[in-house]
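Summary of the model geometry
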Amino acid sequence: MLADEIKEFFRGDVAVDDETLAKFSRDYSVFKVRPEVVVFPRDVDDLKNLVRFVVGKKVAGENVSLTGRSAGTDMTGGPLSRSIIVSFTKYFNHIIEIGPAVKLGDAAEVRVEPGVYFRDLEKELKKRDLLYPAFPASKDLCALGGMVNNNSGGEKTLAYGKTEDYVRALNVVLADGEAHTIWPLSGTDFASKLNEQSFEGDVYRRMYALIQDNYEEIMKAKPNVSKNSAGYYLWNIWDKERDTFDLTQLFVGSQGTLGLLTEAKLGLVRAKKHSRLAVVFLRTLDPVGDLVEEVLKFKPESIESYDDKTIQVAVKLWRQVLGSMKGNIFKLAWQFIPEMLMVMRGGMPKMIMLVELTGDDEPALVAELKRLGVAIEKFAVTHPGIQVKTLDNESDEEKYWTIRRQSFALLHNNTTGKDTAPFIDDFVVQPKYMHEVLPKINAILDRYKDDLIYTIAGHPGNGNFHIIPLMDLRSDRVRALIPKIAEEVYQLIFQYGGSMTGEHNDGLIRTPYLEEMYGKKIVELFAEVKNIFDPRDIFNPGKKVDGDLEYSVEHIAPTG
Ligand SMILES: Cc1cc2nc3c(=O)[nH]c(=O)nc-3n(C[C@H](O)[C@H](O)[C@H](O)COP(=O)(O)OP(=O)(O)OC[C@H]3O[C@@H](n4cnc5c(N)ncnc54)[C@H](O)[C@@H]3O)c2cc1C
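Parameters at a glance
Residues numbered from 1 in each chain as written. Predicted model: local features only at pLDDT ≥ 70, side-chain atom pairs only at ≥ 80, totals over all residues. Heavy atoms only, no water. Pairing = 2+ DSSP bridges. Helix = DSSP H or I, 4+ residues; strand = E, 2+ residues; numbered from the N terminus. Axes fitted to C-alpha atoms, helices over the stretch in contact; angles between N-to-C directions. 1 Å grid on protein atoms, 1.4 Å probe; cavity = no way out; pocket = protein on both sides within 12 Å on 5 of 7 lines; lining within 4 Å. Points joined across faces, edges and corners; volume = space filled by probe spheres on them. Nonpolar A, V, L, I, M, F, W, Y, C, P; charged D, E, K, R; others polar. Phe/Tyr/Trp six-rings, centres within 6.5 Å; stacked < 30°, edge-to-face > 60°. Buried < 20%, exposed > 50% of the residue type's maximum accessible area, 1.4 Å probe, protein only.

1. Quick word on the sheet that holds strand E4 (residues 84-87)
Across the sheet, which stays open at both edges, the 4 strands sit in the order E1-E2-E4-E3 with mixed pairing between neighbours. Both outer strands of the open sheet, strand E1 (13-15) and strand E3 (66-69), are each paired with one neighbouring strand and no more. The mean angle between the axes of side-by-side strands here comes to 25°, regardless of whether they run parallel or antiparallel. In terms of strand pairing, strand E2 (residues 37-40) meets E4 through 3 bridges, oriented parallel. Within the sheet, the bridge partner assigned to valine 38 lies in E4 and is isoleucine 85.

Laid out in structure tokens, this is it:
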């Protein structure tokens, strides 16, 4: 048995019991794939030996592979595999150091292992008034290894960018079974790396040639949107002007398809001391793009949104919503009266938009919020159907943030006979197209309304939205709708030059559509990249390259 062979050289734990295999058969996607074995490496030597073992198996013609996993909150099937799962939260869970910044512009730097839960890092950073700003909405569940491998972003991405903007160096175990450190190289450092006679030197030489030879095409392929997690980000590797060659930009977002991540060095920013929220109620989506443009003049830290269906769910499940908030339950329940009345009277807005301003000087921030409120009221004179409420203190904000952040969990945890089905969960277009794209998406989905209900929440400042349908995945007919609807939605997004994923990445759900998004040539380059790093296809096969729609559809399974 594979597990017995691994136990011979492995210092960590090896599990094949039913409970473990069942747990690791799922992430937060629609898929279920049962692994053969789950391993919990204790140190880097374990990983090096594991890679050498799997390479040996492959050479002998066996179909064995390694899929890294951190907290398993991926929505794409990224950490699922029928072979070996390498789980990092048990032993690779140390914050190694929070120290001074090396890169200009960073407030500090943190060195973390991939299995560190973000919530634990956040606690340590708060003590020092520091912030890692590219955290996802799953921040209380996910871990750093998945954040780097998915190129995560979230509510603060509008102001601060995504994980790709904060990766300073990565320690990885590559297909040669050795540990490597990658970071941006320039000048003589890069020249000597190109001369290195080693697997790593070869990777650099071949990657440099690939980018040089296809430079124009690669730069043209970069999606014209503010955030993107689809494919490999070939356009971000070689900065010709600054003479920098940075393979961390290839590794970030690569879903463990190029190697196993053992440590990340990440940049940090200084946290702002205060924040204030304006809540905007839109009865029609027509002005959403122009409104975002107006609001952006105030340099908000985030612009978030949720739709009328999310409010309905929150009102229906108000007990759970209150349960996840801090404070007196009766006082909190009182806060929901306006929403309950909205639902009862049927006068719900199509979208609620949360605009967050932040700053260190509280009076100046309050004054700025007032100015924002006035600007939105002025905007509403020429764009009827908009109301704005500026909130006086931070505790009034919690209700709105809770509904926004908990929208997926509420659906996920409270449905019987239906499953949350994230498969068109993360599209992004330029914000100026939102008012056209959102109604068209609604029109597509409404054609299937007998088989799905859905909520839309997202980041309108980035034109990035999360559609979460509820579907009965026990039904063959309903499962078969998933690729059909995905095709319709993605075609629409591509017509607007958008990306199918701004944050959540490709995994089993979107890898099969990469060619439609990028075209044949770029997908061939993706395959070449994979071949340079992982010639025997041992790392997370079927993600990023060689997507197989039939395999994906076969593995859609109801929860429970
Ligand atoms: C409610 C909810 C909300 C979410 N909101 C967001 C959001 O706002 N933004 C966002 O970006 N994402 C979001 N996600 C998706 C997901 O939570 C994030 O992408 C998260 O960062 C993944 O972290 P994880 O530790 O759970 O990763 P995992 O699920 O464990 O893994 C993610 C990917 O990384 C690979 N991987 C993990 N660790 C390693 C390693 N050490 N070496 C090699 N490969 C590895 C896996 O193979 C997989 O492909 C959300 C998910 C949920 C359930």
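Moving on from the coordinates now.
2. Brief notes about empty space enclosed by the protein
If a probe the size of a water molecule is rolled over the atoms, the empty space left behind becomes visible. All chains considered together, the criterion is met by 4 cavities of 30 Å³ or more. In this structure, the largest cavity spans a volume of roughly 70 Å³. Every residue lining the largest cavity is listed: Phe31, Phe423, Ile482, Pro483, Ala486, Ile509, Tyr513, Leu549, Ser552, Val553 and Ile556. Residue assignment for the lining of the largest cavity shows that the elements contributing at least two residues are helix H19 (476-495) and helix H23 (549-554). Considering only residue class, the lining of the largest cavity consists of 10 nonpolar, 1 polar and no charged.

3. Considering the packing of aromatic side chains
Within this structure, the stated rule accounts for 23 aromatic pairs. A ring pair is formed by tyrosine 208 and phenylalanine 245, whose centres lie 5.6 Å apart and whose planes are at 85°; its orientation type is edge-to-face. Remark: phenylalanine 245 occurs in strand E12 (residues 244-245) and tyrosine 208 occurs in helix H8 (residues 199-213); sequence separation between them is 37 residues. For phenylalanine 245, a relative accessible area of 0% puts it in the buried group. Taking 5.7 Å as the distance between ring centres and 35° as the angle between the ring planes, the aromatic pair formed by tryptophan 235 and tyrosine 518 counts as tilted. Of this pair, tryptophan 235 sits in the loop between helix H9 (215-221) and strand E11 (238-239) while tyrosine 518 is found in helix H21 (residues 514-518), placing the two residues 283 residues apart along the sequence.

4. Re the layout of surface pockets
Within this model, the second largest pocket holds a volume of roughly 910 Å³. Along the wall of the second largest pocket there are 31 residues; nearest its centre are Lys103, Glu164, Asp165, Asp246 and Gln249. Considering every element that reaches the lining of the second largest pocket, the biggest residue donor is strand E8 (residues 167-173), with 3 residues. Its residues placed into classes, the lining of the second largest pocket shows 11 nonpolar, 8 polar and 12 charged.

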